[in-house]
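Chain residues, written in single-letter form:
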Amino acid sequence: MVEVTLWGSLGAIAGGKSKVEIEAKDIRELFRKLAEQYPGFEPYIDRGIAVAIDGTIYRDTWSKELPQGAEIFLLPRLAGG
Amino acid sequence: MAGVAVLTTINGDNVEYLCQPDETLLDVLRDRLGLTGAKEGCGTGDCGACSIILDDRLVCSCLVLGAEAEGRRVETIEGMAHGDRLHPLQQKFLEHAALQCGVCTPGFLIAAKDLLAKNPDPTEEEIRFGLAGNLCRCTGYDKIVRAVQDAASVMKGA
Amino acid sequence: MNFDPRYSGRNFTSVGTRPIRPDGVDKVTGRARYGADFNMAGQLVGRVLRSPHAHATIRKIDTSKAEKLNGVKAVITAADLPDLTDGDAAMYDILDNCMARKKALYDGHAVAAVAAVDARTARQALKLIEVDYEVLPHVTDVDEAMKHTAPLLNDAIFTEGLEEKPVRPSNVTKRTQFGHGDVHEGFGQADYVVERSFKTEQTHQGYIEPHACVASVSADGTADLWVCTQGHFVYRQHCAQLLGMEASKLRVTSSEIGGGFGGKTHVWAEPVALALSRKAGRPVKLVMTRDEVFRASGPTSATSIDVRIGARKDGTITAAEATLRYSCGPYAGMWAEIGAMTAFACYRLENVRTVGYEVLVSRPKTAAYRAPSAPMAAFAVESAVDELAKEIGMDPVEFRIKNAAQEGTRSSYGPVYGPIGIGPTLEAAKNHPHMKAPLGKNQGRGMACGFWFNFGGQTCTDLNIGMDGSVSLAVGTVDVGGSRASLSLVAAEELGIAYEQVKAVVADTSSLGYNDMTDGSRGTFSSSMATISAARNAIKILRERAAQMWDIPLDDVVWEKGHAIAKGEKYGNLAALSLREIAAASGKTGGPIAGHSELVADGAGVSFATHVCDIEVDPETGATRVLRYTVVQDAGKAVHPTYVEGQYQGGAAQGIGWALNEEYIYGKDGRLQNPGFLDYRIPVCSDLPMIDTQILEIPNPNHPYGVRGVGETSIVPPLAAIANAVSNAAGVRMTHIPMSPPRILAAIEAERGG
């Protein structure tokens, strides 16, 4: 079980929660389960969500493991110059 | 429209071409003669990327008609090095990394060559105002100014 | 495989040196080929017809007269680019932006295009196209567009992210929110509170090379595209999707690129050129004019930002909040969202909240511009921070140092920071001689901090070792400012050979696997990671070949300083084999030697900078002069320090232009009034002083050499640093960027009058 912190706008979709608990071993499973539990997340996942694990932002490494006790933070996937 | 026959000298070579009366020298160089070193950044004489030397005078080739080159001497970036020996300005631009994307570089080199021909020992301020007709968006000009200063001292010593 | 990207301290041989770039000679001799420098046999000239209206319904387009003109080979409208986006809203916006479908949404929006035998015929043909417009009301100002009374630009847009689903459409596409703690409580603890509103005007990336491409579509459905772009693989994907092609049948070659800064991450003309070529059956060259570049490509957001920050007497910030409104052009974006994330990223805050609003306006589609959205947010926040320090009576550097984020701080956008450089850049600025230099009359000093995330992403690199021992490095990230030099240094470092033995090229889309764009300061970060990985894979093969040549076990062969060495006393008499020797024998030991790497370079380290500048203001005219400018920034590890300095200086110069001069000026008719370099004035050589740089190296733990991206952060602090300097010089707080002479004069006069 990992605790996942949502950014403000995503929290609103999760019924005002800023944190949710999910049983997931890696980013791929996290997204799958989030979409199952919160169908409203799906367009956000399609658009791109980045996952910060202990402060390091992962944008594409869906195989990245989610260590127990790690701080998991969801962020919008960004555009750059 | 009937073409205009032009006989001119480009980088020391005699060159003949036909161009339209409303065609710029920049278009002639790039599209008819394959000399694509001069770039079109604006087409209105604001950016200096198409700088060439026409009878010892620095001009934007986008503001000169191809027909106006008749009987005159044109110097472009393609004529700056002697064979495989780079001009000191070219060498110093490389050493100082005075270019990033490099698209303004031919114009800057031509403008700097013209500047040093007229003022072999310019101050920093004279370099900055001498090159103020050329836009660079990458470097902030710092390394360009230093490269020109360095080239000037090398050329004086030569 | 099994590549370990973690940082490990080492002594470098090649990395950190300053050799001449491999593409340099071509660029100083005029030989380098940019977008417009390429031609194909039988090529036609493409031209685009653009809307003169800021907002208009397109009732009908009659192209029949243009089609009949001698020399015209194809005329296209949106009908020739059918919607194949299959519900992908972002791609639909790109398609609509390439060629208006039902409505023209800004002055300069493409409505039709022609391909003709020469430019003159193409221009004549454009004049023969008849477009029947129904002109609609428009809105170009971000605050005006948010009002209920504003003309609606898209009646299918209902604001996303509101607690209650809106019943009426709006020009606000989305509301986003970030932060933590309780700002209400935080402000309750504050002894001082500063509250200010700020505006910034729209600017353009201002690359000197206009967009240019040559497209050639064959009757068998295959195609070639030569184009100046920051990401040829992304262009291929987008063009293939919009034209209904298979990506593998479209080969995209990136030309040398004459500047991008985010502006060449987006297709505009390329799908149009391909559609023209497909219809005409001949290659088409399409080059934008400068006027088109300004009217229809690029720009960054115009913004309106409110900031409120509170602090105790001892200088501790107790709460910070900001509301950020960013213009997106006529299509949804996430520009305010990025501003909201970056606004307070430099600080350690217990209570912080930012809210962003994405706003549609009748202007070109906003594109990324170097650390997109961050400079405007930093301008507002860093101005307020300076004012707050002044109210408390603290030195602005000390105030920032006291509140700076550090390792373990929860960032204002959410995650907790690893090792970061904001504190060290502030300390370095504080100790810099610039801080102690005397100032004259009407002169002011300003400073500001800046943050950018930096990206990684999908990356692919091939490293081929020739039989002569020279190394070809094929990378897929476009080189926008010297990355071929830095990547050659990395390959040389890893293999233990000379820099000159490596030649790096940017491969086309058919020669290498997919790569994300060169954006988000990712070019050197990502491709160096892939290069290190590829080199390590090649070294394994080199060791295998040496083991074979010696006929000893692989485990007994190590790689050191460009040589295979037989390890252990029993091999005492075996002379080391150089890379050249192993390469020369490769035909007899198993064939070509190469290392490949396909990876996702994640874990880009965030980057911080502190800038200091001195400005003189003429109180009679409002004119300004930049007297001195210093950039301090964390590079993680500077691979080629000269090009790192170049990024610092270039970002600062762009920021100076933005702060003092550059702005899109729209008339009441919604038309852009200054679409040229004469009236949209970017800094020239005589406007600037030398720009001092100081590179700090706080290693990124997620890169083998500690590299962080360096390209973007340098544009984040200048708006604020200059605003603080001008405010100090003029004795009045400047709240509207650019601080052009009329704005400064008006502020001074308002202060005198009031």
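Residues numbered from 1 in each chain as written. Chains lettered and ligands numbered in written order. Predicted model: local features only at pLDDT ≥ 70, side-chain atom pairs only at ≥ 80, totals over all residues.

1. As for the overall build of chain B
Okay, step 1: Within chain B, the regular secondary structure consists of five helices and five strands.
Okay, step 2: Reading the helices (α) and strands (β) of chain B from amino to carboxyl end gives β-β-α-β-β-β-α-α-α-α.
Okay, step 3: Over its C-alpha trace chain B gives a radius of gyration of 16 Å, about what one expects of a compact globule, namely 15 Å for 158 residues.
Okay, step 4: Its C-alpha atoms put chain B at 50 × 30 × 25 Å along the principal axes.
Okay, step 5: Within chain B, buried positions represent 58% of all 158 residues.
Okay, step 6: Counting only contacts in chain B whose residues sit at least 6 apart along the sequence, the fraction spanning at least 24 positions is 58%. (Helix = DSSP H or I, 4+ residues; strand = E, 2+ residues; numbered from the N terminus. Rg over C-alpha atoms; globule rule 2.2 N^0.38 Å. Buried ≥ 20, exposed ≤ 12 C-beta atoms within 10 Å, placed from the backbone. Contact = placed C-beta atoms within 7 Å.)

2. Concerning the interface of chain C and chain B
Okay, step 1: Listed per partner, the contact involves 41 residues of chain C and 42 residues of chain B.
Okay, step 2: For the side of chain C that touches chain B, the secondary structure elements donating two or more residues are helix H1 (24-28) and helix H19 (641-660) of chain C.
Okay, step 3: Among the elements that make up the side of chain C that touches chain B, the one with the highest residue count is H19 of chain C (eight residues).
Okay, step 4: Residue composition of the side of chain C that touches chain B, by class: 20 nonpolar, 16 polar and five charged. (Nonpolar A, V, L, I, M, F, W, Y, C, P; charged D, E, K, R; others polar.)

3. A few points about the environment of Ile76 of chain C
Okay, step 1: Residue placement: Ile76 of chain C occurs in strand S3 (residues 72-76).
Okay, step 2: Separated by 13 residues in the primary sequence, Ile76 of chain C and Thr63 of chain C have C-alpha atoms spaced 8.3 Å apart.

4. Considerations on the packing of helix H11 (residues 374-392) of chain C against helix H12 (residues 396-403) of chain C
Residues and elements named next belong to chain C.
Okay, step 1: Where H11 contacts H12, the axes come no closer than 9 Å and their chain directions differ by 105°. Relative to H12, the element H11 is oriented roughly perpendicular. Where H11 approaches H12, its residues Val385, Asp386, Ala389 and Ile392 are matched on the opposing element by Pro396, Phe399 and Arg400.
Okay, step 2: The residue makeup of the contact of H11 with H12, split by class, is five nonpolar, no polar and two charged. (Axes fitted to C-alpha atoms, helices over the stretch in contact; angles between N-to-C directions. Parallel < 35°, antiparallel > 145°, perpendicular 65-115°, else oblique.)

5. Remarks on the sheet that holds strand S1 (residues 2-5) of chain A
Each strand in a sheet pairs with another by means of backbone hydrogen bonds, the pair being arranged parallel or else antiparallel.
Residue and element names in this part refer to chain A.
Okay, step 1: If you trace the five strands from one edge of the open sheet to the other, you get S2-S1-S5-S3-S4, paired in mixed fashion. Across the chains shown, the open sheet's two edge strands, defined by having one partner strand only, are strand S2 (19-22) and strand S4 (56-58). Going across the sheet, the axis of each strand differs from the next one's by a mean of 30°, ignoring polarity.
Okay, step 2: Here strand S3 (residues 49-53) runs beside S4; their pairing, made up of three bridges, is antiparallel. When the sheet's bridge partners are listed, Val51 is paired in S4 with Tyr58.
Okay, step 3: The sheet contacts of helix H2 (residues 27-37) involve S1, S2, S3 and S4, and relative to S2 the element is tilted by about 110°. (Pairing = 2+ DSSP bridges.)

6. Here we look at the sheet that holds S3 of chain C
Residue and element names in this part refer to chain C.
Okay, step 1: Taken in spatial order, the seven strands of this open sheet run S3-S5-S1-S12-S9-S10-S11, and their pairing is mixed. The sheet is open, and its two borders are formed by S3 and strand S11 (250-254), each paired with just one other strand. Recorded for the sheet is a direction-independent mean angle of 20° between the axes of neighbouring strands.
Okay, step 2: Relative to strand S10 (residues 223-227), strand S9 (residues 212-217) is paired through five bridges, and the arrangement is antiparallel. By the bridge assignment, Val214 is partnered in S10 with Trp226.
Okay, step 3: Here helix H7 (residues 232-243) sits on the sheet in contact with S10 and S11, set at roughly 145° to S11.

7. Brief notes about the UniProt feature "domain: Aldehyde oxidase/xanthine dehydrogenase a/b hammerhead" (unreviewed entry) in chain C
Okay, step 1: With numbering matched to this structure, UniProt assigns "domain: Aldehyde oxidase/xanthine dehydrogenase a/b hammerhead" (unreviewed entry) to residues 29-137 of chain C.
Okay, step 2: Secondary structure across residues 29-137 of chain C comprises 23% helix and 31% strand; the distance between its end C-alpha atoms is 51 Å. (UniProt positions renumbered as here; feature names shortened; annotations may be inferred.)

8. Quick notes on the arrangement of the chains
Okay, step 1: Comparison of the two pairs of chains in contact shows the highest number of contacts for chains B and C.
Okay, step 2: Between chain A and chain B there is no contact, and the shortest C-alpha to C-alpha distance separating them is 14 Å.

9. Observations regarding the pairing of strand S5 (residues 110-116) of chain C
All names here are of chain C.
Okay, step 1: Across the seven residues of S5, seven count as buried, placing the element largely inside the fold.
Okay, step 2: As paired elements, strand S1 (residues 44-50) and S5 share six bridges and run antiparallel to each other. Opposite Val45, over in S5, you have Ala116 as the bridge partner.
Okay, step 3: Bridge count between S3 and S5: four bridges; the pairing is antiparallel. Looking at the pairing, Ala74 lines up with Ala115 of S5.

10. A word on the domain arrangement of chain C
All names here are of chain C.
Okay, step 1: Parsing chain C into structural domains produces domain 1 (24-32 + 456-601), domain 2 (35-136 + 210-257 + 264-296) and domain 3 (303-454 + 605-753).
Okay, step 2: Between domain 1 and domain 2, the C-alpha centre-to-centre distance is 39 Å.
Okay, step 3: Contact with domain 1, which involves 14 residues of that partner, is made by 14 residues of domain 2. (Domains from an automatic or database assignment.)

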